[in-house]
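Summary of structural features
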Amino acid sequence: MSFISKHPARIYAVAVAALALVAHYRPELPGALVLGLVAAVLGIGEAVQRTEDQKTATAGAGDQLGNNEHQDHGELPA
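Notes on the structure in this doc start here. (Residues numbered from 1 in each chain as written. Predicted model: local features only at pLDDT ≥ 70, side-chain atom pairs only at ≥ 80, totals over all residues. Heavy atoms only, no water.)

1. Some words on the pattern of salt bridges
What counts is decided by this rule: Counted as salt bridges are all cases of a side-chain nitrogen of Lys or Arg within 4 Å of a carboxyl oxygen of Asp or Glu. Relative accessibility thresholds used throughout: buried, under 20% of the residue-type maximum; exposed, over 50%; partly exposed, between the two (1.4 Å probe, protein chains only). In DSSP terms, a helix is any run of H or I states spanning at least four residues, a strand is any run of E spanning at least two, and both are numbered starting from the N terminus.
Counting across every chain of the model gives three salt bridges. E28 is paired through a salt bridge with R26; the nearest N and O atoms lie 3.2 Å apart. By relative accessible area, which is 54% here, E28 ends up exposed. Its relative accessible area of 46% is what places R26 among the partly exposed residues. For the salt bridge of K55 with E52, the shortest nitrogen-to-oxygen distance reads 3.3 Å. You can see K55 and its partner E52 sitting in helix α3 (residues 31-64), three residues apart, about one turn around the helix. K55 sits in the partly exposed class, given a relative accessible area of 33%.

Structure below.
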C-alpha cells in the first residue's frame with residue numbers, strides 16, 4: 001500500500017499503457033466499453049495529478065523552511 005501512495009503516477013502510466021494495448025489488439029471490444037474506460041482513466045488521472053501536486057507543494061514548503069536535505073549551505077562564489 002505504501003508503494004501505491006508513493007508512486008501513483010507510475011502505476012497510472014502502466015495501467016493506461018495496458019489499456020491502450022488491450023484496446024489496440026482486441027478490436028472486437030465494444031466502443032462504448034472502451035469510451036467508458038477512457039472516461040474513467042481521465043478521472044483517475046485528475047486524482048493522480050492532484051496527489052502529485054500535493055506532494056510537490058509539501059516538498060516546496062519544506063524548502064522554504066530550510067528542511068531541504070539537498071540544499072547547498074556553502075557561500076556563493078564572488
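Read on for the rest.
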